[in-house]
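Residues per chain, in single letters:
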Amino acid sequence: MRYIFKGKEIDASNLEEFIKALSEMFPEEKENIYAFFDEAKKAYEECYKDLVYGVPLPAELIVKVFGAKKLLDYPKEHPHFFDWMNRTYKQKLDEFFTNEDLKTLLCALLGYLGTKPEETRASSALTAVVSYYLHGGYFPKRGAQRFADRLKEFIECNGGKVLTRHRVDKIIVEKGEVKGVRVGNKIFKSPIVVANANAKTTFLELVGEENLDRDFVEYIKKLKMSPSCFMVFLGVDMDLSGYPTIIENLDEGYSIAINSNDSGLAPKGKASITILTGANYHDFPERGTKEYLEKKREFAEFLIKKAEKIIPNLSKHIVVQDAATPKTLERYTSMPEGAIYAFDQSINTKRPYFKTPIKGLYLASASTFPGGGIEAVVISGIPLRKRYMWLEQERV
Ligand SMILES: Cc1cc2nc3c(=O)[nH]c(=O)nc-3n(C[C@H](O)[C@H](O)[C@H](O)COP(=O)(O)OP(=O)(O)OC[C@H]3O[C@@H](n4cnc5c(N)ncnc54)[C@H](O)[C@@H]3O)c2cc1C
């Protein structure tokens, strides 16, 4: 990974290298840097030592799942992590450091949560941001599609069927109980429906307000979406294997991922690249219009030009080019506003619980606990699996 900050390049492939680079840049903070990562490591180990759901639970869920006693014992059993649970990331950074540039640098990966440091629970920053410094970041070999393919294979091996190009128009509800789903003129009957679409779409469009309590509808309507982004995808006839896989340019607010580095996603001597920056859904005209296409083209060119400062002559080596606006993301995933992580992930958001007010309807997605990101979404299915096993036992 490379960070570009105040014109300097900071390369780090592990925690030791990162600490060394930071200490050289901020010698007056050297001791604090060591102390910060020492505490972060301890807090991280504590939070993962007694997990049931694959991720630490917030206080209200500890009480819900384990009872109030567990919460009372929590500070004693997790002396370092408990503090991260109760503070924001900004408060944690302020506790250790005085140099504002250093604090900014340690927020470089907050895009992985899409939140501001003062609105980020420190424990979320620990598991979703600081964890990259501690243990690195990973991706499925040969790209993310492999992950979806493996899930499909698993379902099919267990006698299930995966139907693509089947948009659910309606979740059928009768007297507060789910009865199945409707796709065009086909009805799929089922006493259990697990919704993976965003909760706004699930409740407001598929279930329908008429089947829900007014307060619940208001609560769902008020949930804020997380930020979206603009992306440029390039296939280039350049050997970029000498570059780090991820380059975060803090000075100009964008990142470059050289996807082909260590993934085999491009032939020898060629490379595949994604350039990504934050973007607002409402800044883009309606998809397909002349204005929209023009804006998309200009935005892509603008980003390629910026990236060219890091990868000289990039624009001259483009073999394939495509781009995605927040509206493209919405088109492909049906996620409102093309949000990256479903709902806003700041400390104030109260995500819907996986059990819904409709009997038999459950959520397993970025809309529910613990939130956005592939790993988090996988974890969102764990309570459901436990509940399903319990329902099966009841049936036997
Ligand atoms: C640009 C970008 C980069 C990201 N990078 C990372 C990353 O590096 N690491 C990471 O962990 N996470 C990353 N994320 C976040 C991650 O992709 C999401 O949090 C995660 O995929 C959400 O999973 P999900 O199952 O909730 O929703 P989705 O993956 O969006 O799946 C929902 C599915 O439901 C389908 N659907 C919607 N409505 C209906 C309907 N009515 N009928 C039938 N099907 C329907 C959609 O087509 C979609 O296939 C990124 C997201 C974006 C947008």
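Residues numbered from 1 in each chain as written. Predicted model: local features only at pLDDT ≥ 70, side-chain atom pairs only at ≥ 80, totals over all residues. Heavy atoms only, no water.

(A) Seen up close, the packing of aromatic side chains. In the structure shown here, the tally under the stated rule is 19 aromatic pairs. Judged by centre distance (6.0 Å) and plane angle (90 degrees), the ring pair of Phe37 and Tyr133 falls under edge-to-face. With a gap of 96 residues between them, Phe37 in helix H2 (residues 30–47) and Tyr133 in helix H8 (residues 122–135) connect regions that are remote in the sequence. Considered together, Phe37 and Tyr133 belong to a single accessibility category, that of buried residues. Centroid distance Phe96 to Phe97: 6.2 Å. Interplanar angle 45 degrees. Geometry classified as tilted. (Phe/Tyr/Trp six-rings, centres within 6.5 Å; stacked < 30°, edge-to-face > 60°. Helix = DSSP H or I, 4+ residues; strand = E, 2+ residues; numbered from the N terminus. Buried < 20%, exposed > 50% of the residue type's maximum accessible area, 1.4 Å probe, protein only.)

(B) Region of the structure containing the pattern of salt bridges. In the structure shown here, the tally under the stated rule is 24 salt bridges. Of the charged contacts in the structure, one is a salt bridge between Glu39 and Lys92, with a shortest N-O distance of 2.9 Å. Of this pair, Glu39 sits in helix H2 while Lys92 sits in helix H6 (residues 89–96); the two residues are 53 residues apart in sequence, bridging distant segments of the chain. Here Glu39 and Lys92 have matching classes, each one buried. Notably, a salt bridge pairs Lys152 with Glu156, separated by 3.4 Å at the nearest N-O pair. Taken together, the residues span about one helical turn, with Lys152 and Glu156 both in helix H9 (residues 145–157) at a distance of 4 residues. Judged by relative accessible area, which is 38%, Glu156 ranks as partly exposed. (Salt bridge = Lys/Arg side-chain N within 4 Å of Asp/Glu carboxyl O.)

(C) Representation of the sheet that holds strand E3 (residues 170–174) within the structure. The strand order across the open sheet built from 3 strands is E3-E4-E5, with neighbouring strands paired in antiparallel fashion. On the outer flanks of this sheet lie E3 and strand E5 (186–189), each paired with one strand and no other. Each adjacent strand pair in this sheet contributes to an overall mean axis angle of 30 degrees, direction not counted. Bridging between strand E4 (residues 177–183) and E5 involves 4 bridges; their strand directions are antiparallel. Residue pairing in the sheet places Val183 in a bridge with Lys186 of E5. (Pairing = 2+ DSSP bridges. Axes fitted to C-alpha atoms, helices over the stretch in contact; angles between N-to-C directions.)

(D) Structural view of the site of the ligand. As a matter of local geometry, the ligand sits amid 18 residues, with Val168, Asn196, Ala366, Gly373 and Ile374 nearest to it. Between the ligand and Val168, the relevant distance is 2.8 Å, taken from a nitrogen atom to a main-chain nitrogen or oxygen of the residue. Backbone polar atom of Ala366 to an oxygen atom of the ligand: 2.8 Å apart, as the coordinates give it. When the ligand is considered free in solution it has 990 Å² of accessible area, and contact with the protein chains removes 64% of it. Counting only elements with at least two residues in the shell around the ligand, the list comes to strand E7 (228–236), helix H13 (326–333) and helix H14 (374–380). Looking at the shell around the ligand, its residues break down into 10 nonpolar, 7 polar and 1 charged. Two domains each put at least three residues into the shell around the ligand: domain 2 (145–225 + 339–395) and domain 3 (228–337). (Near = heavy atom within 4 Å. Polar contact = N/O pair within 3.5 Å; in protein donor to acceptor, adjacent residues only side chain to side chain. Areas by Shrake-Rupley, 256 points an atom, 1.4 Å probe, with all protein chains shown as cover. Nonpolar A, V, L, I, M, F, W, Y, C, P; charged D, E, K, R; others polar. Domains from an automatic or database assignment.)

(E) Structural view of the sheet that holds strand E10 (residues 271–279). What the 7 strands build is an open sheet, ordered E2-E1-E8-E9-E10-E7-E11; its pairing is mixed. The two strands at the open ends of the sheet, each matched to only one other strand, are strand E2 (8–11) and strand E11 (318–324). On average, adjacent strands in this sheet sit at an angle of 15 degrees to one another, irrespective of strand direction. Pairing of E7 with E10 involves 9 bridges; the strand directions are antiparallel. Bridge pairing links Val232 to Ile275 in E10. Across the sheet, helix H12 (residues 290–308) lies against E7, strand E9 (254–258), E10 and E11, angled at about 65 degrees from E7, the strand it touches most. Against the sheet, H13 contacts E7, E10 and E11, and its axis sits at roughly 90 degrees relative to E7. (Contact = heavy atoms within 4.5 Å.)

(F) Broad picture of a nonpolar patch on the surface. A cluster of nonpolar residues, Phe147, Leu151, Ile374 and Val378, forms a patch on the protein surface that exposes about 360 Å² of accessible area. Those elements that place two or more of their residues in the nonpolar patch are H9 and H14. With respect to the secondary-structure elements, Leu151 resides in helix H9. Relative accessible area serves as the criterion here: at 46%, Leu151 is assigned to the partly exposed category. (Patch = residues over 30% accessible without salt bridge, like charges linked within 9 Å, V, L, I, M, F, W, Y side chains within 5 Å.)

(G) Quick look at the packing of helix H3 (residues 59–66) against helix H4 (residues 68–77). Their axes nearest at 6 Å, the elements H3 and H4 cross at an angle of 130 degrees. Of the possible angle classes, the one that applies to H3 and H4 is oblique. Here H3 contributes Ala59, Ile62, Val63 and Phe66 to the contact with H4, which in turn contributes Ala68, Lys70, Leu71 and Tyr74. (Parallel < 35°, antiparallel > 145°, perpendicular 65-115°, else oblique.)

(H) Up close: unusual backbone geometry. Cis geometry is found at the peptide bond from Phe369 to Pro370, where omega equals 5 degrees. Tracing the backbone shows Pro370 in the loop between strand E12 (361–363) and H14. For Glu337, which is not glycine, the phi torsion reads 60 degrees and is therefore positive. Inspection of the secondary structure assignment puts Glu337 in the loop between H13 and E12. Despite not being glycine, Ala342 shows a phi value in the positive range, around 65 degrees. For Ala342, the position within the fold is in the loop between H13 and E12.

(I) Expanded view of the domain arrangement of the chain. For the chain, the assigned domains read domain 1 (2–135), domain 2 (145–225 + 339–395) and domain 3 (228–337). A straight line from the C-alpha centre of domain 1 to that of domain 2 covers 31 Å. Taken together, both faces of the contact between domain 1 and domain 2 bury some 1300 Å²; the carbon and sulfur share is 67%. Along the contact surface separating domain 1 from domain 2 lie 0 salt bridges. Taken together, the connections running from domain 1 to domain 2 amount to 4 residue pairs in polar contact (both at pLDDT 80 or more). The residue inventory of the side of domain 1 that touches domain 2, partitioned by class, reads 9 nonpolar, 5 polar and 3 charged. (Buried area = accessible area lost by both parts, 1.4 Å probe.)

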